[in-house]
2 protein chains.
Amino acid sequence: MEAPLLNPPRVLLLIVLCVGIFSLTEAAKVRRYKWEVKYEFKAPDCFRKLAISINGRTPGPTILAHQGDTIIVELKNSLLTENVAIHWHGIRQIGTPWSDGTEGVTQCPILPGETFIYKFVVDRPGTYLYHAHYGMQREAGLYGSIQVSVPNGTKEPFSYDYDRSLILTDWYHKNTYEQATGLSSIPFVWVGEPQSLLIQGKGRFNCSLLASPSLAPGTCNTSLPECSPFVLTVVPGKTYRLRVASLASLSAFNFEIEGHNMTVVEADGHNVEPFVIKNLNIYSGETYSVVVKADQDPSRNYWMGLNVVSRKPATPTGLAIFNYYPNHPRRMPTTPTPVGPLWNDSEYRLAQSLAIKARQGYIHPPPLTSHRQIILLNTQNSINGFRRWSVNNVSFTLPHTPYLIALKQNLKHAFDPIAPPDTYDYVNYDIFKLQDNPNATSSNSIYRLKLNSTVDIVLQNANTMVATNSETHPWHLHGHDFWVLGYGKGKFDPINDPKKYNLVDPIMKNTVPVHPYGWTALRFKADNPGVWAFHCHIEAHFYMGMGVVFEEELRRLGSYLYQSWDVGIQKAHTILN
Amino acid sequence: MEAPLLNPPRVLLLIVLCVGIFSLTEAAKVRRYKWEVKYEFKAPDCFRKLAISINGRTPGPTILAHQGDTIIVELKNSLLTENVAIHWHGIRQIGTPWSDGTEGVTQCPILPGETFIYKFVVDRPGTYLYHAHYGMQREAGLYGSIQVSVPNGTKEPFSYDYDRSLILTDWYHKNTYEQATGLSSIPFVWVGEPQSLLIQGKGRFNCSLLASPSLAPGTCNTSLPECSPFVLTVVPGKTYRLRVASLASLSAFNFEIEGHNMTVVEADGHNVEPFVIKNLNIYSGETYSVVVKADQDPSRNYWMGLNVVSRKPATPTGLAIFNYYPNHPRRMPTTPTPVGPLWNDSEYRLAQSLAIKARQGYIHPPPLTSHRQIILLNTQNSINGFRRWSVNNVSFTLPHTPYLIALKQNLKHAFDPIAPPDTYDYVNYDIFKLQDNPNATSSNSIYRLKLNSTVDIVLQNANTMVATNSETHPWHLHGHDFWVLGYGKGKFDPINDPKKYNLVDPIMKNTVPVHPYGWTALRFKADNPGVWAFHCHIEAHFYMGMGVVFEEELRRLGSYLYQSWDVGIQKAHTILN
């Protein structure tokens, strides 16, 4: 075989990869999972409905690994007529864009009866997630946790005795088909607020609301062990790292542990300059580690409470038990359940966003300038009578042929070749006004980024199609972490606001909120050849077009990696059999 | 291109095809349809739920064609995460097995966003159907009617003034995922009897049964025009051909028109020696034409009534209005609604089956002997704790790679190569006894038939896993019509019962019931190279394994047709664009 001609970026990429691979050889393991995805009846909040399970469970199995490990997930689709794809949220997939699991972007869906093999390296320690990235399947319960530890012998900059995980979600009784069909109907049909909030897959619905002569016995049953509250047992005096993650379909959350402080130490896999809070705001797609000491009266249990913020809550507080050993784990606290902050206090939430900085000694300095600035105005629109979300007046639609395949195979006509706009009419557009945005269109066009260029993204929020309403949108970037350079209120000023960017100690994240009527500025290096989605992590919003896609010179992926792509699944099969 | 070497069967096939094509050239048309399949909210019985629609409708558009026409259906799947496939029920697909639409047998499923083109010739006049043949999607409303007329200038052996169509179905409020998940759960969860019976897509559910504080307004609303009863308007004194077809998911039906006689003239596309009835028994997958004269008191309307038979009914009578013009079409008859015959009178139903003979002058004489006899014992079993239906102790499962593809590509390991048994232990097996059948296994193995051989099939019914219970199963054969040689009670005697076969004027059909504790004998010519399903047409029963597959020397399909297969879709695209 001929050696490929190496151009500088390709050499760089190979060096990075080799260093990455060999420096961790000693500790790195291959971790293999065999997962079967299927529908099962579940009652996570006491109401029996279909959920998509992995090996019978929702949340699915936790992936526990060390930095540098290779994860191989052999995913069998045992749904009857429905396809599937799983995204590894927060894993950058350096050199393995085909394992990102984003249907329509990086892969075709996995058909019923098929087995697809995901193979990727977890190259950074931290708290990550996985979840369905196809249609609105995430809401059906197809999700779980990825915890990547530092290599043995390496120390983290914070200490704890035990490591625990809590995934927070909201839960609907209507299935995802009903929800999606409503969203794409004329008139628009909105499913409403979720029925329950789940902590680590457990919640509690008030079954008496359903009383009906036609309701089959057992459809809603609060005595099921399956929906007893989640219990986190702690030993008095010990310190706990809680990995708190949100995969809400809709809700912004506020999480608290009655009577206990939490010290924030990690966000999306990056060390945070520690700060102490009583309540943690967390948005869909975000992960945090908080350190909590079991330092309160050990003769009783405490509530862990989950409340909806940003939208007017119509869902009861999600509850779990913070159980001091040796109290009985099912002993309910007699204290009032946590009520959370005012749901519409966006100043409070903005302040917490601003408090999150990179930890001293663990700062990744951002490039001081960028090559390109893309300002993304988030609006609601009506397109041909359908309610949609748009970005710079373009409502995103997924192509039938995934971009990664289309670009690799040089397929013409697979998607709209005209790039969407880099900005909007920020001089004249009134973000506080209810607007119709009649020129919005639907498109599957994408942004093409120069490899290794530095890109600034400004998310600009605005009024929705409801008067005096602006929502919180958590945006998630695939394939990268970005620096969070700033948050602001009102309309972003492209001349003056960049002067206030935090270039000293910005946190790196993969998911960040844009607050109501505000803006958020990010910077990232387009250093990962591939095709990467960047979208609002609210399931319905992405479905309704609130996203964009970045291509980063896929042709520079290098012949070595292209070969891996072709033989990857074959190899993985050999390993497995 | 080299001329292929022609062996006798291939020559025969080509001659048959050429004669078939050219003899009809004058009249034959190409009829093109563009269909989009998607979920929509529908309330066919006043209860709002998701249904799978074609171009917004369920039942889908009726295909009207003349004998010899070519049908091209460009089917776009606009479901969100779910695949689809449509079977053309009763169309033999001579030379076009890849258009049979049977997922897992003749094709891969059509993915969301994909367009698949079905192209086939309707080579015989008569009443046919189309419906989803993937998972349990048929139950979600994806079905319609195909009516093939005799060529212009040709006469049918019965006369009528108008031609009308009635598809009969049963309807569940639970979705197909819930039903299928229940069927494949341990313990087995049965959805129960249907909520409504629909006549031409319309029924009526008693909404007051659902009263619940949590029920969204409009979920069940008997004042919706969508669920007003179906009206068939007739002109006094005129004669109507009613094409009555059943696509019930579960139920066996009895259909009647209050105060009117019906003359049966067609069954599954074949002329029937006319006989007069008041009540028509019809099983899922069957089609009949009955001729009805509007010869009653024209000052009022009459009920058309649909009742469940064979299973103990727990579903109200399905009702439609037989409206004498110029009475108001919505004027309900004041007479009692039809109650149908005794549900468990299987003698009565057997008698009607026996009455159906080929019409004099239109008899296709059956071969007097057969090359092979296959006796198929139908039983219920438990396999690894799952409730299944089995045939000769083999519970059928679909392979991931469709047989047609696997056989064409000579793929090894695509399915179990060991053929299922041709018979069962009929000497010792007690069909009247509740039995465990502990040796039942699951398999995707198939029967391989010699091309142009004559095959006898005997369907043998037995007791289910419930004491003193045996059900009616309508079996449907793809790719062929068969002669119905006989029905009997009890256990089929392979020596003496064949002596009683009707070899004089047997009707040809594609779907036939096997009655409780009885047997049904069929004969067909394996003259259609391809792979063909033969299965119980009850949606849940086929899903639970009640089927077999016949392969008829696919390799003999001939290079010409193989080429058509490869270029067929391309060509169809050219035609369409």
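Quantities reported herein were computed from a predicted structural model and do not represent experimental measurements.

In this complex, chain B contributes 34 residues to the contact, which on the side of chain A involves 34 residues. When the buried area of chain B at its contact with chain A is split by residue, B:Leu80, B:Thr81 and B:Tyr177 rank highest and sum to 22% of it. Along the contact surface separating chain B from chain A lie zero salt bridges. Joining chain B to chain A, the criterion identifies eight residue pairs in polar contact (both at pLDDT 80 or more). Residue assignment for the side of chain B that touches chain A shows that the elements contributing at least two residues are strand S1 (30-42) and helix H2 (176-183) of chain B. For the side of chain B that touches chain A, the element with the most residues is H2(B), which contributes five residues.

Now for the domain arrangement of chain A. All names here are of chain A. Here chain A is partitioned into domain 1 (25-155), domain 2 (163-207 + 218-344) and domain 3 (372-557). Between domain 2 and domain 3, the contact holds 23 residues from the first and 22 residues from the second. The contact between domain 2 and domain 3 buries some 1,800 Å² in all, and 62% of this surface belongs to carbon and sulfur atoms. Of all residues in domain 2, Asp268, His270 and Tyr283 give up the largest surface area on contact with domain 3, accounting jointly for 26% of the area buried on that side. Seen at the junction of domain 2 and domain 3, the total is three salt bridges.

All names here are of chain A. Read from one edge to the other, the open sheet built from five strands follows the order S11-S19-S18-S13-S16, with strand pairing classed as mixed. Strands at the two margins of the open sheet, each flanked by one partner only, are strand S11 (231-234) and strand S16 (279-282). With strand direction ignored, the average angle separating the axes of adjacent strands in the sheet is 20°. Inspection of the sheet shows strand S18 (residues 302-309) paired to strand S19 (residues 318-324) by five bridges, in the antiparallel sense. Following the sheet pairing, Trp303 is matched in S19 by Ile321. Relative to the sheet, helix H3 (residues 346-355) contacts strand S13 (252-257), S16 and S18, its axis offset from that of S16 by approximately 85°.

With that settled, the discussion passes to the side chain of A:Asn444. Residue and element names in this part refer to chain A. Mapped onto the secondary structure, Asn444 falls in the loop between strand S23 (441-443) and strand S24 (447-449). Of the residues examined, Asn444 reaches a relative accessible area of 16% and is grouped as buried. A polar side-chain atom of Asn444 sits 2.8 Å from the main-chain amide nitrogen of Asp416. Contacts of Asn444, omitting those with residues within four sequence positions, involve Phe396, Thr397, Leu398, Pro399, Tyr403, Ala414, Phe415 and Asp416.

What counts as what
- Residues numbered from 1 in each chain as written.
- Chains lettered and ligands numbered in written order.
- Predicted model: local features only at pLDDT ≥ 70, side-chain atom pairs only at ≥ 80, totals over all residues.
- Heavy atoms only, no water.
- Contact = heavy atoms within 4.5 Å.
- Buried area = accessible area lost by both parts, 1.4 Å probe.
- Salt bridge = Lys/Arg side-chain N within 4 Å of Asp/Glu carboxyl O.
- Polar contact = N/O pair within 3.5 Å; in protein donor to acceptor, adjacent residues only side chain to side chain.
- Helix = DSSP H or I, 4+ residues; strand = E, 2+ residues; numbered from the N terminus.
- Domains from an automatic or database assignment.
- Pairing = 2+ DSSP bridges.
- Axes fitted to C-alpha atoms, helices over the stretch in contact; angles between N-to-C directions.
- Buried < 20%, exposed > 50% of the residue type's maximum accessible area, 1.4 Å probe, protein only.

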